[in-house]
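Working through the structure, step by step
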Amino acid sequence: MSLLEVLSELRAAHSAQIAAWRHFPERPARRAPTPETLHPALKDGLRRRGIPALYTHQAEAVASALHGEHVCVVTPTASGKTMCYNLPTLQALLNDPAARALYIFPTKALAQDQVTELGRWQTTLNAPVAAATYDGDTPASARARVRKSARVIVTNPDMLHTGILPHHTRWAELFEGLRVVVLDEMHTYRGVFGSHVANVLRRLRRIAAWYGAQPQFILSSATIANPTDLATRLVEAPVTVVNDDGAPRGERHFILVNPPIVDYKLGIRRSVAAEATTLARHCLAGDVQTAVFAGSRLSAEVILHNLQNAAQTPVRGYRSGYLPQERRATEAGLRDGSVRGVVSTNALELGVDIGGLDAVIIAGYPGTIASTWQQAGRAGRRGSLAAAMLVARGMPLDQYLVAHPEYILGTADGAIPSPEHALVNPDNALILTDHIRCAAFELPFAVDEAFGASVPHPQPLSHFGRGEEEALRPPIPPAQNGRGEPEKDSSSPPLPVWERGQGGEGHVRRQLTQDILEFLASEGEVYRSGAQWHWLADAYPAEGVSLRTAGADRVVILNDAASPRTIGEVDRSSAPGMVHAGAIYLHDGAMYEVERLEWEAGRAFVRPVSVDYYTDAMGSVDVEIVAEAERRVVPGGVIAHGEVEVTAKTTGYRQVRFSTGETLGWGEVDLPAQTMLTTAYWLQLDEATINQFRQEGWWRFDPNDYGPTWAAQRDKARARDGYRCRACGAPERTGRGHDVHHLQPFRTFCYARGHNRHDLVANRLENLVTLCPSCHRRAEERQVVRGALSGLAHVMGNLAPLYLMCDPRDLGVLSEVKAVGTGLPTLTIYEGIPAGLGFAAALYERHARLMADAYDLIAACACPQGCPGCIGPTTEADPQAKAWALRLVSALMGEPA
């Protein structure tokens, strides 16, 4: 069956679930002449490989690189970005026998593909341009040979961080001859990871400069909103961005699928895994080679299990945790067509060579538009007809995107807009301090050195000229210390101080570096000798610094057995919510229950389990404003951003069924509170808006069914409290008993008469408080306001990642009826990373757009009272909360009632 026939059947069978269907016609290639400055051997090699001319973006990128510029190529998947950096690299190697290059890829599979491609070029050129991978899979017996003979080292950020930079004396030939550094898939270097990688690159440039090298950077990226800004922050130098894609594009269909609602009262949709499985079965039944991208390892395994049981054709899995030989076999099977289906996490997203699939099914929005198109681009890579289907989850962000398909599908002419900004903050205090530790271990710091300022970059770079020699490099002192590092004698000149621009930035950078070194000296990690700071501690700092977390304090997860085995680790700030006693911890597709958490020792002990639920931690969060950076008046109130202190305490958790989201049970957590300084964006309502809402009647309620034991529990609570109001102390009057109020709203316990007994948990005495009618009205007023605020917070917290290219877990949201210090209703979005990465300031700038999108999302949702796709389930808010949340957003957009 042809792909068109399969698509026709899908349209007929799933018409009610199709939210949007966009047809992208075939587009021919646009080509340009090969740059005149390209080496004759490379021009001849292109002809012999059947490439008569380069695509326009390739020609532009190569020409800019050969001119000596740092270059960033921003074009879609399968557009030939590899040629943009291979040709300049090969030219540098051909012109100088001592030249070396370093390729940095985010995954090992990508590195393997590039070594293969460079091997083809070596055969074509018949020249010594050997490439080799250097990563965790490289055998110890081969590492010395790679260091000595390979002219292109292909690695990843983690190996560069722990295995190359700290041992740079073993890599002297690489750093002396380093001419080109390639950073592929730049858009993946964002948030905490990107901030770490930016500092790894600072250390790389620092070491290269010590050996006399000033490498050129060539970066590639998928489409993002701020490629120039991100590339400049990573390289810390001007970068030429090339984004006019000239590659051909095959005919493509892109379909947005919204699973049907299975519970209209709660707004619950059919699970994304079930819908994706159905679509994949249909494609595979028509012999359409298909890849399914799942959002998690567990989801991937569930979909794979279901497909293998139903499909009559080979279907394989692909994710981290599989052995390298298993992944290579799957890749080969996809290329030769023997494997007709694959279920993967995002491990297959980044350009691994698997040939050209016919169809891609994306099970849930992968978090960024860039990732969405990267995954969709795995189909049709040979220019043939292809199809991509994105199956939406019932979450606000997914539902917003299927209601506004232009965000993903773009305009009719195929232009794909990107509202996403990839943000990094290399100067985050914890991250920067960690890397200054690593840098001090690698080379002494001069007392006037500024870590992180850019290295001067001559224009053009001489290694792209023919027959020109590099400038004389300073000799490397032969003396070695106990760690195998070179020691400079007192006559050696201090390391150069590099400054960006002519203003005061160099001074600020220098002062920040020296302040951190002073701090490390007070901790006994470095010492000052003359004009230099030297590493003193016994620790090997890079091994203790994870590129995925901010701060080195982590909790180790151990299999609770006679001989404990390390399963994984989490940063301490995440531990209370992830590895508290009773938590379900997921790792490499396996499930573990946490038996106990030894907080002070930093150890969590787990045991393997097989259950149909996950755990969702709950707790309290307090936010106190420390310093306000900016504020402005907006309709309905004021917005601001700045530094805040966040105090968080995990108090309990609920068990949630995977398939339906149903709450199965509850548990308590007793752990100390954690305090963090970070940044936040907040919105405060003004008194005029609050008074307007009072006049509009925010105090209407529907009676609740509190369960069959409510009367008895109410009497017990009143008796416990001495028949007095716990708020004002007023005694009960004859004939009028006081009210009893739930501290945690009763609706949050999901009680359903005749179906469960969650009322027993909700009506525990510790959750009840006696209040007089007046105090109860005030408490219920806060509940209604809280319902509207929390509904808006739910929407904003889910929409924010659309602009920030971050994980929703990187942000925390707090709604307060009476905020500390102001007494006003306040909604705060804070960064879950100490010191922040710039997300708060970005949201502050995008406030108007965020409000408009929040309104569109709530208004477009068909649910009557609220659901997971808009303000949250009705069981977590007042029945009027959706209407009031919509009214609240209207006021914040300046619209009258």
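Residues numbered from 1 in each chain as written. Predicted model: local features only at pLDDT ≥ 70, side-chain atom pairs only at ≥ 80, totals over all residues. Heavy atoms only, no water.

Thoughts on the side chain of N258
So the rule is basically this: Counting from the N terminus, the helices are the DSSP runs of H or I reaching at least four residues and the strands are the DSSP runs of E reaching at least two. Relative accessibility decides the category of a residue: with a 1.4 Å probe and only protein chains considered, values under 20% of the type maximum give buried, values over 50% give exposed, and everything between is partly exposed. Between N or O atoms, a polar contact is any pair within 3.5 Å; within protein, one atom must be a potential hydrogen donor and the other a potential acceptor, and residues adjacent in sequence are included only when both atoms are from side chains. Only heavy atoms matter for contacts: two residues are in contact if any of them lie within 4.5 Å across the pair.
Position of N258 relative to the elements: it lies in the loop between β11 (252-257) and β12 (261-263). The class for N258 is buried, based on a relative accessible area of 13%. Looking at N258, its side chain comes within polar contact range of the side chain of Q399, at 2.9 Å. Residue contacts for N258: discarding those within four places in its chain leaves Q17, R269, A392, Q399 and V402.

Let's talk about the sheet that holds strand β9 (residues 216-221)
Test applied: Pairing between strands requires that DSSP locate at least two bridges from one strand to the other. Note on geometry: axes are C-alpha line fits, over the in-contact stretch for helices, and angles between N-to-C directions span 0 to 180 degrees.
Taken together, the seven strands give an open sheet; going across it, the order is β6-β7-β5-β8-β9-β4-β10, and neighbouring strands pair in parallel fashion. Bordering the open sheet on either side are β6 (131-133) and β10 (240-242), each of which pairs with just one other strand. With direction set aside, neighbouring strand axes in the sheet form an average angle of 15 degrees. Taken together, the four bridges between strand β5 (residues 100-104) and strand β7 (residues 152-155) define a ladder with parallel strand orientation. Of the residues in β7, the one forming a bridge with A101 is V152.

Description of the packing of helix α7 (residues 157-164) against helix α9 (residues 191-210)
Note the following rule: These descriptions rest on fixed angle ranges, namely under 35 degrees for roughly parallel, over 145 for roughly antiparallel, 65 to 115 for roughly perpendicular, and the rest for oblique. Helix crossings get a hand from a simple test, with the near helix turned counterclockwise from the far one by less than a right angle marking a left-handed crossing and a clockwise turn marking a right-handed one. Note on residue classes: Ala, Val, Leu, Ile, Met, Phe, Trp, Tyr, Cys and Pro are nonpolar, Asp, Glu, Lys and Arg are charged, and everything else, Gly too, is polar.
Orientation of α7 relative to α9, taken along the N-to-C sense of each, is 45 degrees, at an axis distance of 10 Å. Considered as vectors, α7 and α9 are oriented oblique to each other. Like other packed secondary-structure pairs, α7 and α9 cross with a definite hand, here left-handed. Within the contact between the two elements, α7 uses P157, L160 and H161 and α9 uses F193, V197, V200 and R203. Its residues placed into classes, the contact of α7 with α9 shows five nonpolar, one polar and one charged.

Regarding the sheet that holds β11
With mixed pairing, seven strands are arranged side by side in an open sheet as β1-β11-β18-β17-β14-β16-β15. The strands lining the two open edges of the sheet, one partner per strand, are β1 (18-24) and β15 (315-318). Looking at each pair of strands side by side, their axes are set apart by 15 degrees on average, direction ignored. Bridge count between β11 and strand β18 (residues 386-391): six bridges; the pairing is parallel. Note that in β18 the partner of L256 across the bridge is L390. In this fold helix α13 (residues 324-336) packs onto β15 and β16 (341-344), with an angle of close to 135 degrees to the strand it touches most, β15.

What about the confidence of the model for the protein?
Detailed conclusions should not be drawn from predicted coordinates in areas where pLDDT is low. Which entries qualify depends on this criterion: pLDDT expresses, on a scale from 0 to 100, how confident the predictor is about each individual residue.
Confidence in the prediction for the protein averages 84 pLDDT; 87% of positions are at 70 or higher. Averaged pLDDT values over the elements of the protein bottom out at 76 in strand β24 (residues 584-587) and peak at 98 in strand β8 (residues 178-183). Long-range and interchain partners of residues 454-503, a stretch whose pLDDT sits below 50, account for 111 contacts in this model, where long-range means more than four residues apart.

Observations regarding the nonpolar core
Note on soluble globular proteins: their nonpolar side chains tend to be buried together. Where we set the bar: Nonpolar core, defined: a set of buried Ala, Val, Leu, Ile, Met, Phe, Trp, Tyr and Cys residues in which side-chain atoms within 4.5 Å join the residues together.
In terms of nonpolar packing, the biggest core is built from 79 residues, with F254, I408, Y681, L802 and L804 touching the most fellow members. The next biggest cluster of nonpolar side chains, apart from the first, holds 49 residues, and it includes V74, V200, A208 and W210.

What about the packing of aromatic side chains?
Put simply, the rule reads: In this analysis, rings of Phe, Tyr and Trp, with Trp reduced to its six-membered ring, are considered paired at centre separations within 6.5 Å, and the interplanar angle assigns stacked below 30 degrees, edge-to-face beyond 60, and tilted for intermediate values.
One pass over the full model with this rule turns up 14 aromatic pairs. Relative to W171, the ring of Y134 lies with its centre 4.7 Å away and its plane at 90 degrees, an arrangement referred to as edge-to-face. Placement of the pair is Y134 in the loop between β6 and α6 (140-149) and W171 in the loop between α7 and α8 (172-176), with a sequence separation of 37 residues. Across the pair, exposure class does not vary: Y134 and W171 are buried alike. Judged by centre distance (5.5 Å) and plane angle (45 degrees), the rings of Y189 and F193 are tilted. Owing to a relative accessible area of 0%, Y189 belongs among the buried residues under this scheme. Three or more aromatic residues joined by ring pairs make a cluster, and in this case those are F24, F254 and W373.

Topic: the environment of D244
Position of D244 among the secondary structure elements: in the loop between β10 and β11. A relative accessible area of 41% means that D244 is categorised as partly exposed. As a C-alpha pair, D244 and T75 span 169 residues in sequence and 7.2 Å in three-dimensional space. When residues no more than four places from it in sequence are discounted, the contact partners of D244 are R30, T56 and H57. At 2.8 Å, the side chain of D244 and the side chain of R30 are in polar contact.

Notes on unusual backbone geometry
Notably, Y723 is not glycine yet its phi reads approximately 55 degrees, a positive angle. Residue position: Y723 is located in the loop between α21 (710-720) and β31 (739-742). Exposure remark for Y723: the relative accessible area of 39% places this residue in the partly exposed category. Of note, M805 is a non-glycine position whose phi angle comes to about 60 degrees, a positive value. Position of M805 among the secondary structure elements: in the loop between α24 (801-804) and β33 (811-816). Given a relative accessible area of 2%, M805 falls into the buried group.

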